[in-house]
Amino acid sequence: MVAHAEAAYPRECCGAILGTEKDGVRHGVVAWQMRNAFEGAQEDTYELDPAEQLAVEKEARARGLSIIGIFHSHPDCDAYFSKRDLASSCPWYSFVVLSIKKGVFDHANSFLPNFDQTEAPREELEF
Ligand SMILES: [Zn+2]
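The shown structure was predicted, so the numbers you read here are calculated from the model rather than taken from an experiment.

Asks: It is not clear to me how the side chain of Ser73 should be interpreted in this structure. Could you clarify?
Replies: Here Ser73 shows up in strand 3 (residues 66-75). Its relative accessible area of 0% is what places Ser73 among the buried residues. Among the polar contacts made by the side chain of Ser73, one reaches the main-chain amide nitrogen of Cys13 at a distance of 2.9 Å. Not counting the four nearest positions on each side in its chain, Ser73 is found in contact with Ala5, Arg11, Glu12, Cys13, Leu98 and Ile100.

Take a look at the structure:
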């Protein structure tokens, strides 16, 4: 995730986290880079390509994994969950945000949106 995020700088990167879930603990195995499908300036926005997302889901299943989360980067910005992030989120994934400052990884946080997508509390994230 860090390598993808640094390479995409100063644009936002995005991708899927393939892994497993057991007893409420999600374990990421593969960080799968995806295309930022947003058609405008990508310095502060990302959009997943739905067709690509389906393909990644298939790929995950073929490896005995599932998509447990989505990651994206915040170039020169802290790793918070923005209003837009919340609006385009969904409650069944963990959302990891990576802060990239001047092209270098700074910190990351993970958020778990509630079912109404009105808030996304932080969850524990271990590297
Ligand atoms: Zn964001």
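Asks: I keep staring at the packing of aromatic side chains and nothing clicks. Help me out?
Replies: Two aromatic rings, taken as a pair, are described by how far apart their centres are and by the angle between their planes. Following the criterion strictly, the structure yields 5 aromatic pairs and no others. On the basis of an interplanar angle of 65° and a centroid distance of 6.2 Å, the ring pair of Trp92 and Tyr93 is categorised as edge-to-face. Residue Trp92 is classed as exposed on the basis of its relative accessible area, which comes to 55%. The class for Tyr93 is buried, based on a relative accessible area of 7%. The structure contains a cluster of three or more aromatic residues connected by ring pairs, namely Phe81, Trp92, Tyr93, Phe95 and Phe111.

Asks: Teacher, can you tell me more about the coordination of the zinc ion here?
Replies: Six octahedral donors around a metal ideally sit at 90 or 180 degrees from one another, while four tetrahedral donors ideally sit at 109.5 degrees. Donor atoms from the polypeptide that coordinate the zinc ion comprise His72 (NE2), His74 (NE2), Asp85 (OD) and Asp85 (OD), at 2.0 to 2.5 Å from the metal. Coordination at the zinc ion is irregular: its 4 donor atoms span angles of 56 to 161° at the metal. Donor residues for the zinc ion, ordered by position in the chain, follow H-x1-H-x10-D.

Asks: Mind showing me how you'd approach helix 2 (residues 50-62) here?
Replies: Helical geometry note: an α-helix holds 3.6 residues per turn, so side chains three or four residues apart project in the same direction. Look at helix 2: 19 Å from first C-alpha to last across 13 residues, which is about the 18 Å you get at 1.5 Å a residue. Buried within helix 2 we find Gln53, Val56 and Ala60. All buried residues of helix 2 lie within an arc of 60° about the axis, which places them on one face of the element. Set apart from the buried face of helix 2 by more than 90 degrees, the exposed residues are Ala51, Leu54, Lys58, Arg61 and Ala62. Contacts made by the buried residues of helix 2 are with strand 1 (14-22), strand 2 (25-34) and strand 3. Looking one or two places after helix 2, you find Gly64, whose phi comes out positive at around 75°.

Asks: So what exactly am I meant to see when it comes to the environment of Arg63 here?
Replies: Positionally, Arg63 belongs in the loop between helix 2 and strand 3. With residues up to four places along the chain from it excluded, the contact list for Arg63 reads Val30 and Trp32.

Quick notes on the rules
- Residues numbered from 1 in each chain as written.
- Predicted model: local features only at pLDDT ≥ 70, side-chain atom pairs only at ≥ 80, totals over all residues.
- Heavy atoms only, no water.
- Helix = DSSP H or I, 4+ residues; strand = E, 2+ residues; numbered from the N terminus.
- Buried < 20%, exposed > 50% of the residue type's maximum accessible area, 1.4 Å probe, protein only.
- Polar contact = N/O pair within 3.5 Å; in protein donor to acceptor, adjacent residues only side chain to side chain.
- Contact = heavy atoms within 4.5 Å.
- Phe/Tyr/Trp six-rings, centres within 6.5 Å; stacked < 30°, edge-to-face > 60°.
- Donors = N, O, S within 2.8 Å, 3.2 Å for Na, K, Ca; no water.
- Tetrahedral: all angles 85-135°; square planar, octahedral: opposite > 155°, others 65-115°.
- Expected span 1.5 Å × (residues − 1).
- Arc of directions from axis to C-beta.

These figures capture arrangement, not role.
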